[in-house]
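# Per-entry structural report
Residues per chain are reported as follows:
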Amino acid sequence: MTTTRPSGRQFSDDFLWGSATASYQIEGAYDEDGRGPSIWDTFSRTPGKVLNGDTGDVAVDHYHRVAEDVEIMKGLGLQAYRFSIAWPRIQPTGSGEFNQAGLDFYSDLVDRLVAAGIKPVATLYHWDLPQPLEDEGGWANRATAYRFAEYATKLAEVLGDRVHLWTTLNEPWCSAFLGYASGVHAPGVTDDVKALKAVHHLNLAHGLAGRAIREVLGEDTPVSITLNLHVTRAESDAADAVEAKRRIDTIANEVFLGPLLDGEYPKEVFADTAHITDWSFVQEGDLELIRIPLTVLGVNYYSTGRVKKGTGVGADPGKPGPDGHRASEHSSWVGADEVEWLPQPGPHTAMGWNQEPQGLVDLLLELRDRYPSQPLAITENGAAFYDTVSEDGRVHDEDRVGYLHDHIDAVGEAIEKGADVRAYFVWSLLDNFEWAYGYDRRFGVVRVDYDTQERIVKDSGLWYRELLRTRTIAPVESAAAIQP
C-alpha cells in the first residue's frame, strides 16, 4: 500500500496504547458453564443471516485460551486491553440470578491483565443481548435499560476498581439501526418504530448503568461510552445535497451526541421521523438520567461516506449500505429515505470501506470544537484484508500496516491541532467472527487458523509492537524486517 502520510511522528509518554475485541466474536464456549443464549446465537443459526452459515459457537476459543491470549498481549507490549463482557454469561436470562462461573471467568481475565501490566477496559455491552430479554421486546422495551443497570451493578461489585475504565455500550447506532431497522444484525428486526425506541432505551441504559457503577465504586469511577460517529460528506454545496448530509448526521450522530452530551435530542430528529413516531416513549426525567459526566468519549472510526438527495439505500435491495454490513431491503437510515449513498474512491478494505485518514482528523477536530473539555479515545480503528500465511510462516499484511500507519498519524495530527485524544485501541487483537460476514473478513493484528486455533502475530502486530515501544510511527516497509 502507498501511504499518504509521512513516518516519524512521535507520541507522548502518557498516551495509552491498546487493542480491542468483543465477547461473541472471540470467546466461543457458547453453551458452557451456565452461559445462556444471546440474540447472536439465535441470529447466526437462522439460515441466510450469516455468510456461510457461520456462528460464534467456537469463534477463536478465547474462553479456553485466555492465558495464551494474555501472553500475546504482553508480548505486543499492550498497555490496555478493551474487552467486552457477555451479558448471557453473567446473567443467562438477562434478569434474576447471576452465574458465578461467568463472573469468575471475567474476574480471572482482569487478574491476568493486571498481573501482566495491562489496564483492563471493560465494555458491558457489545451486542450480545440475552435472548430472553429480546423475547420480551429487547431494546425496544424500556425495561431492558433497567435490567442493564442491574447487570452493571453486579459487575461493579465483582470487578471493582481493578477495571481501569468502564464502557457502557459499544456502538449503540449498530444495535438500534442494524438490529431493528435494516435487520442485518441480531435480532434481525425490520421495524423503524422499534429502532427509534431502541435508540432511546440504549441511551437510557447508558445513563442508568453509568450511575449504577458510580453508586457502587464512587463518583470518580472512570465511565465512558463508545460511538461509531459517521463522517459523511455532501456530494456538492447544493442545498439538497447539504440537506442529505444533515439528515444522515442527525440519525447517525446527533441522536446520540445530543442526549449523551448536551442533555437533549435535536429537534431535527423529531421532525425527520414525525411520520414514524411521536417519541412519546421519552419520559419525563429521562434526559437527566442519560446525561452523565464521561471520563472519555470513545470514538470508533473506519471510513467515510458521501451522499446526495436520491431514492435511498433501501430502494436497491442488492446494494449494501455504507455501514458495510451486508445488503437489506430495509434501510438503516430511519427518516432519511431520500438520501442516496455514493461510491467512494479507493483504496478500499475487504469490507468495501474506503480508506480516508483525513476523515478521522476532521472528526476529532469537530469534536474538539464542539466539546472542548471532553477527553477522547480512539476505541476502535483497523482494517480487514484477505491476508494469508506466506512460505516463510509470516503474515505480511502490508496493506493493514499502511492503514494503521496513516490513521495513527491522523490521530497525531489531530492531537497536534488541539484534540484531547488520550488513547488508541487497534481493532482487532485477533481475527474473529465478523458478524454477518462470519469468518470471511479478517481484522486481527494476530492471525488465527480457525481449524487449529493457532495464533501468528502478523507484520501489523509486530509493527504495532514497535510503535508502542518507541512511540514513533515507523515506515510501513520496516514491518517485514521486524523479528517476531
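Data block above holds the structure.
Structural notes, computed from the coordinates. Bear in mind that the values here come from a model prediction, so they are computed numbers and not experimental data. (Residues numbered from 1 in each chain as written. Predicted model: local features only at pLDDT ≥ 70, side-chain atom pairs only at ≥ 80, totals over all residues. Heavy atoms only, no water.)

### Brief notes about the overall build of the protein chain
Stated precisely, the cut-off is as follows: By definition, any uninterrupted DSSP run of H or I lasting at least four residues is a helix, any uninterrupted run of E lasting at least two residues is a strand, and each is numbered from the N terminus. As a reference, a globule follows 2.2 Å times the number of residues to the power 0.38, and the radius of gyration itself is taken over C-alpha atoms. Only protein chains enter the accessibility calculation, which uses a 1.4 Å probe; a residue is then buried when its area is under 20% of its type maximum, exposed when over 50%, and partly exposed in between. Two residues form a contact once any of their heavy atoms are found within 4.5 Å.
In terms of helices and strands, the protein chain carries 15 helices and 13 strands. Its C-alpha radius of gyration of 21 Å places the protein chain within 12% of the 23 Å reference for a compact globule of 484 residues. Principal-axis analysis of the C-alpha atoms places the extent of the protein chain at approximately 60 × 55 × 45 Å. Every one of the 484 residues in the protein chain was classed for burial, and the buried ones make up 62%. Here the analysis covers contacts within the protein chain between residues at least 6 apart in sequence; of these, 78% occur between residues at least 24 apart.

### Remarks on the packing of helix 7 (residues 143–159) against helix 9 (residues 192–217)
Our working definition: Each axis is a line fitted through C-alpha atoms, and for a helix only the stretch in contact is used; angles between axes span 0 to 180 degrees, taken between their N-to-C directions. Note on terminology: angles under 35 degrees are roughly parallel, angles over 145 are roughly antiparallel, angles of 65 to 115 are roughly perpendicular, and the others are oblique. Should the near helix be turned counterclockwise from the far one by less than a right angle, the crossing is left-handed, whereas a clockwise turn marks it as right-handed. Polar here means any residue other than Ala, Val, Leu, Ile, Met, Phe, Trp, Tyr, Cys and Pro, which are nonpolar, and Asp, Glu, Lys and Arg, which are charged; Gly is therefore polar.
The geometry of helix 7 relative to helix 9 is characterised by a closest axis approach of 8 Å and an angle of 30° between their N-to-C directions. One element, helix 7, and the other, helix 9, form an angle in the roughly parallel class. Considering how the two elements wind past one another, helix 7 and helix 9 form a crossing that is right-handed. Contact residues: helix 7 offers Ala145, Tyr146, Phe148, Ala149, Ala152, Thr153, Ala156 and Glu157, while helix 9 offers His201, Leu204, Ala205, Leu208, Ala209, Ala212, Ile213, Val216 and Leu217. Along the lines of polarity and charge, the residues of the contact of helix 7 with helix 9 split into 14 nonpolar, 2 polar and 1 charged.

### Comments concerning the environment of Ser236
Rule in force here: Whenever two N or O atoms come within 3.5 Å, that pair is a polar contact, provided that in protein one can donate a hydrogen and the other can accept it, and provided that, for residues adjacent in sequence, both atoms are side-chain atoms.
Considering the arrangement of structural elements, one finds Ser236 in the loop between strand 6 (231–234) and helix 10 (239–262). Ser236 gets classed as partly exposed once you look at its relative accessible area, which sits at 31%. Separated by 3.2 Å, the side chain of Ser236 and the backbone nitrogen of Ala238 make a polar contact.

### Topic: the sheet that holds strand 9 (residues 339–341)
We apply this condition: A pair of strands counts as paired when DSSP detects no fewer than two bridges linking them.
Strand order in the open sheet formed by 3 strands is 6-8-9, with mixed pairing between adjacent strands. Strand pairing shows two members of the sheet lacking a second neighbour, strand 6 and strand 9, which therefore form its edges. Averaged over all pairs of adjacent strands, the angle between their axes in this sheet comes to 40°, without regard to strand direction. Sitting on the sheet, helix 13 (residues 357–370) is in contact with strand 6 and strand 8 (304–309), with an inclination near 100° to strand 6.

### Describing the pairing of strand 10 (residues 376–381)
In plain terms, the rule: For crossovers, right-handed means that the path from the first strand over the helix to the second runs clockwise, given strands pointing away from the viewer.
With 6 of 6 residues buried, strand 10 lies mostly within the body of the structure. Bridging between strand 7 (residues 296–300) and strand 10 involves 4 bridges; their strand directions are parallel. Among the inter-strand pairings, Val299 is bridged to a residue of strand 10, identified as Ile378. Relative to strand 11 (residues 421–427), strand 10 runs parallel, the two being bridged by 3 bridges. Note that in strand 11 the partner of Leu376 across the bridge is Val421. In the classification by handedness, the crossover that spans strand 10, the intervening helix 14 (residues 398–416) and the parallel strand 11 is right-handed.

### Points about the pattern of salt bridges
Pairs may arise between side chains of opposite charge once their charged atoms sit close together. As a reminder, the rule being used: Each reported salt bridge corresponds to a side-chain nitrogen of Lys or Arg within 4 Å of a carboxyl oxygen of Asp or Glu.
Taken as a whole and judged by the stated rule, the model has 40 salt bridges. Arg65 is the partner of Glu68 in a salt bridge, and the nearest nitrogen-oxygen pair spans 3.4 Å. Judged by its relative accessible area of 23%, Arg65 falls in the partly exposed class. Two residues, Arg442 and Asp431, come together in a salt bridge whose shortest N-O distance is 2.6 Å. With a gap of 11 residues between them, Arg442 in the loop between strand 11 and strand 12 (446–448) and Asp431 in the loop between strand 11 and strand 12 connect regions that are remote in the sequence. Here the salt bridges share partners, and the residues they tie into one network are Asp387, Asp397, Arg400, Asp431, Arg442, Arg447 and Lys458.

### Quick look at unusual backbone geometry
Leave glycine aside and you will find that most residues have negative phi; peptide bonds, for their part, are mostly trans. Following Ala186, the chain continues to Pro187 via a peptide bond in cis, the omega torsion being 10°. Mapped onto the elements of the fold, Pro187 is located in the loop between helix 8 (172–180) and helix 9. Although it is not a glycine, Ala29 sits at a positive phi angle of roughly 50°. Mapped onto the secondary structure, Ala29 falls in the loop between helix 1 (23–26) and helix 2 (39–44). Of note in the backbone geometry, Glu171 takes a positive phi value of approximately 45° without being a glycine. The topology assignment puts Glu171 in the loop between strand 4 (165–170) and helix 8. Overall, the relative accessible area of 7% leaves Glu171 in the buried class.

### Describing the nonpolar core
For the record, the criterion: The definition of a nonpolar core used throughout is a set of buried Ala, Val, Leu, Ile, Met, Phe, Trp, Tyr and Cys residues joined through side-chain atoms within 4.5 Å.
Ranked by internal contacts, the top residues of the largest apolar core, which has 157 residues, are Trp40, Ile85, Trp139, Phe148, Phe177, Ile408 and Tyr424. The biggest single contributor to this core is helix 9, with 10 residues. Not counting residues within four places of it along the chain, the set of residues in contact with Ile408 comprises Phe11, Trp17, Tyr424, Trp463, Tyr464, Leu467 and Ile473.

### Observations regarding the environment of Val457
Position of Val457 relative to the elements: it lies in strand 13 (residues 455–457). A residue is classified by how much of its surface remains accessible, and Val457, at 26% relative accessible area, is partly exposed. Placed 382 residues apart in sequence, Val457 and Gly75 show a C-alpha to C-alpha distance of 9.8 Å. With sequence-adjacent residues up to four places away left out, Val457 is seen in contact with Ile72, Leu76, Val445, Val446 and Leu462.

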